[in-house]
Structures are given as structure tokens and as C-alpha cells.
Amino acid sequence: MPPGFALVGAGEAGAPKGVNPIDIRHGSRLVDIQFPAAQATTLKEITLTIQLPLEDSDLAPATETGSGVLAILPDLAYRRMSIVNVIFYGEPAMDKAWVLIDTGLATSGKAIIEAAEHRFGHARPPSAILMTHGHFDHAGALEALARHWDVPVYAHPLEFPYLRGENSYPPADPLVGGGAMALLSPLYPRSPVDIGQWLRALPADGSTPFMPGWTWLHTPGHTPGHVSFWRASDRCLIAGDAIITTGQESVYEVLTQRPEMHGPPRYMTSDWQEAMDSVVELAALEPETIIAGHGRPMRGPNVTARLHELADNFAEIAIPTTMRPNNR
Ligand SMILES: [Zn+2]
Ligand SMILES: [Zn+2]
């Protein structure tokens, strides 16, 4: 086991003995995390950093369409890649364009291609890949997929340094609390990917390529160039990591995907003032349906109310009380 692996479970109150859901591959680099289903069912309810609980009745109704893809609207579907969601926008009809939003972990490429072919057919690549941001769990398979499909990749220009191989994200902060995912976060990859030859800026007019009726919103804080996608006609929000719908700091919340309204993942959020401003902006939209980078899609008035509660009390609920001094 690489150094640091002993941290797994050590920060979790009441962690059951013998549960070892973390799989470190590629030397000391954590690139994939496996959660055996049998272990999930044996876990007892434990209190961790639940921010604002949601109920199963707040889940957006989802239809399994094969290859692990769940459709929540006729033109919006997602697949969970271990710890993170990738999103398919577009109706599966043969003549329509579709796009992929975010690309999962480094190990996710093959499963994403299989899911895409199952949903949209063979020899039907996406028209583009859109990135909410470039963290390792969203850009992991990006280079492989851009190369495989040879399609443009759209992102906010402030995210370009992390997508052109120029800058690494700031180090993750293991001191933010909440569980082993946070404790382990310094092991997560943060070196940039380089997909410069496919990279394009999101249009300055706010329109979203190949997604008519959608606008992209600059929602920084979690990362400098983080964006969310918004469709006003049915109040649908693709939030990335600006807000998430399960706790991401605890292995056990990640494992159970317990529904909750949650600020951005704590250990890799670089500017908390910007993160708060972004959540206030998203709450003001009154979204009806929210699909985030982590957690199951949520829908309905209780979800909107909880988002307002998060925005109104962001400092107390979402910002960690302990962190590296330079991380405020
Ligand atoms: Zn992130
Ligand atoms: Zn994420």
C-alpha cells in the first residue's frame, strides 16, 4: 500500500471495521475509487458533515436506459462514474447533435464511450465536450475522449491553464474535515491535462454550444473558471461542483450517495468568497431540477428551498471551520 493509505477510515466516526472502499492505482496516485455494493448495504447510518439533508422524495425521477445511464429528462441523462457524474445532453434520435458534459476519472473513458454508443448509436460522436471545470474527477478521461472523438472541448478561459498543461490546481486541503475523502485529498491528482489542440472558449454571449436554450454561467470559487449550465424554460441547472447533492468529504456519504444540499467539495475549493457568491447567484435562479457533479439529481420545491437555505447561511454551513491559513 502506498504511504497515506492508512488514513482511510481513520477520520470517520463509527467507521465499520473491514470496510475498504478505496482502491489506489497507478502507484501512489488515486485515480479511481471502488465501492462494492455489498459493503454499502452493511453500513449503519452515521452522522458526518451532513449540510442540509434532502429526502428520497426530492430525487428527480430517473429512468434506466442501459449501460448505466439514467435519463432524468428526454434530452438529459447521466452516468455515475464511481464518485462523479458525467452528463449526456441531447435526444437519442438519430439526426440530433449531442454533447458530453465532464469526463469522469482517468479510468472512465471506455465506459463513457460504451454508454454514449448505447444512447446515441455507433459512429455518432458528440458535437463537443463541455467542461464545468478541470479537476481530476471531471477531466480524467478528457484527453482520451478528445482524441477518440476528435471534437472541440469548451471551457471557461480561466480554466485553460489547467487544460493546456500549464498550471496545477492549488494543493488540496486535508484540514477541512468531514471524513477520509478530505484526509486523502492530497493524494488526488492535480497536475494539469493538456488538450490544447481541442480547447475552445465558451462563447462570450453566454450561449452554450450545441445546447439551444441553455446559457453557461461563470460560477467560480470551487475553481477560477468553474461554469454551470442553465435552461430557463424548465429551470434546469447543471451545477458542476458549485453545489453538490451529496457530501463529498466522507467515504460513507460518497458510497451511499445520501441526498443532501451541499456546498462545493471542501478540500479542493480555492476561493470561498467566490464560492458563496456563486451559490447566491444559483439560488436566485430558483432551479426546479439540479444535476451536480456529485450526488443524484434532485427536483422540486424542497430542493429549491434548501438551496436558498444554503445560500443564506453559506458561511456557517459550507465553509470549513478548519483549513490551511492561506485557503480563505
Ligand atoms: Zn471539483
Ligand atoms: Zn468534483
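If you're wondering where the values come from, they're calculated on a predicted model, not measured in any experiment.

Asks: Could you give me a rundown of the overall build of the protein, with the residues and numbers involved?
Replies: Broken down by element type, the protein carries ten helices and 15 strands. Put simply, the protein has 328 residues, and 50% of those count as buried. A sequence separation of at least 24 residues applies to 69% of the contacts in the protein between residues at least 6 apart.

Asks: Just give me the short version of unusual backbone geometry, but keep the residues and values in it.
Replies: Its identity as a non-glycine residue notwithstanding, Ser 67 has a phi of 55 degrees, on the positive side. Its location among the elements puts Ser 67 in the loop between strand E2 (63–66) and strand E3 (69–73).

Asks: Mind laying out the confidence of the model for the protein, listing which residues take part and the relevant values?
Replies: Averaged over the protein, the pLDDT score is 86; the fraction of residues at 70 or greater is 84%. For the protein, the element scoring lowest by mean pLDDT is helix H1 (residues 37–42), at 40; strand E11 (residues 227–231) scores highest, at 99. Every residue in residues 1–32 is under pLDDT 50, and counting partners more than four places away or in other chains gives 61 contacts. Scored below 50 in pLDDT, residues 34–47 shows 19 contacts in the model against residues more than four places distant or in partner chains.

Asks: Which residues make up the pairing of E3, and what values go with them?
Replies: When E2 meets E3, the two strands line up antiparallel, connected through three bridges. Each residue of the ladder has a partner; that of Glu 64, found in E3, is Leu 70. Here E2 folds back onto E3 in antiparallel fashion, the turn holding two residues, of which Ser 67 has a positive phi close to 55 degrees. Note that E3 and strand E4 (residues 76–81) share three bridges and pair antiparallel. Bridging across to E4, Leu 73 finds its partner in Leu 76.

Asks: Requested: an account of the sheet that holds strand E12 (residues 236–240), with residues and values cited.
Replies: Strands sit in the order E10-E11-E12-E14-E15 across an open sheet of five strands; the sheet is mixed. If you trace the sheet from one side to the other, it starts and ends with strand E10 (214–218) and strand E15 (298–299), each paired once. Pairing geometry for E12 and strand E14 (residues 289–292), over four bridges, is parallel. If you follow Cys 236 over to E14, its bridge partner there is Thr 289.

Asks: Could you give an account of the pairing of E12, naming the residues involved and the relevant values?
Replies: Among the five residues of E12, five are classified as buried, and the element is accordingly described as predominantly covered. With burial as the criterion, each face of E12 is covered, one bearing Cys 236, Ile 238 and Gly 240 and the other bearing Leu 237 and Ala 239. Strand direction decides the pairing type here: E11 and E12, joined by three bridges, are antiparallel. The residue bridging Trp 230 from the neighbouring strand is Leu 237, located in E12. As consecutive antiparallel partners, E11 and E12 are separated by four residues, and within that stretch Arg 235 has a phi angle of approximately 55 degrees, a positive value.

Asks: Explain the sheet that holds strand E9 (residues 199–201) to me, and be specific about the residues and the numbers.
Replies: Taken in spatial order, the eight strands of this open sheet run E2-E3-E4-E5-E6-E7-E8-E9, and their pairing is mixed. Edge positions in the sheet fall to E2 and E9, since each of these pairs with one other strand and no more. Averaged over all pairs of adjacent strands, the angle between their axes in this sheet comes to 30 degrees, without regard to strand direction. Two elements, strand E8 (residues 153–155) and E9, share three bridges in a ladder whose sense is parallel. Residue pairing in the sheet places Tyr 154 in a bridge with Arg 200 of E9.

Rules of the game
- Residues numbered from 1 in each chain as written.
- Chains lettered and ligands numbered in written order.
- Predicted model: local features only at pLDDT ≥ 70, side-chain atom pairs only at ≥ 80, totals over all residues.
- Helix = DSSP H or I, 4+ residues; strand = E, 2+ residues; numbered from the N terminus.
- Buried ≥ 20, exposed ≤ 12 C-beta atoms within 10 Å, placed from the backbone.
- Contact = placed C-beta atoms within 7 Å.
- pLDDT = per-residue confidence, 0-100.
- Pairing = 2+ DSSP bridges.
- Axes fitted to C-alpha atoms, helices over the stretch in contact; angles between N-to-C directions.

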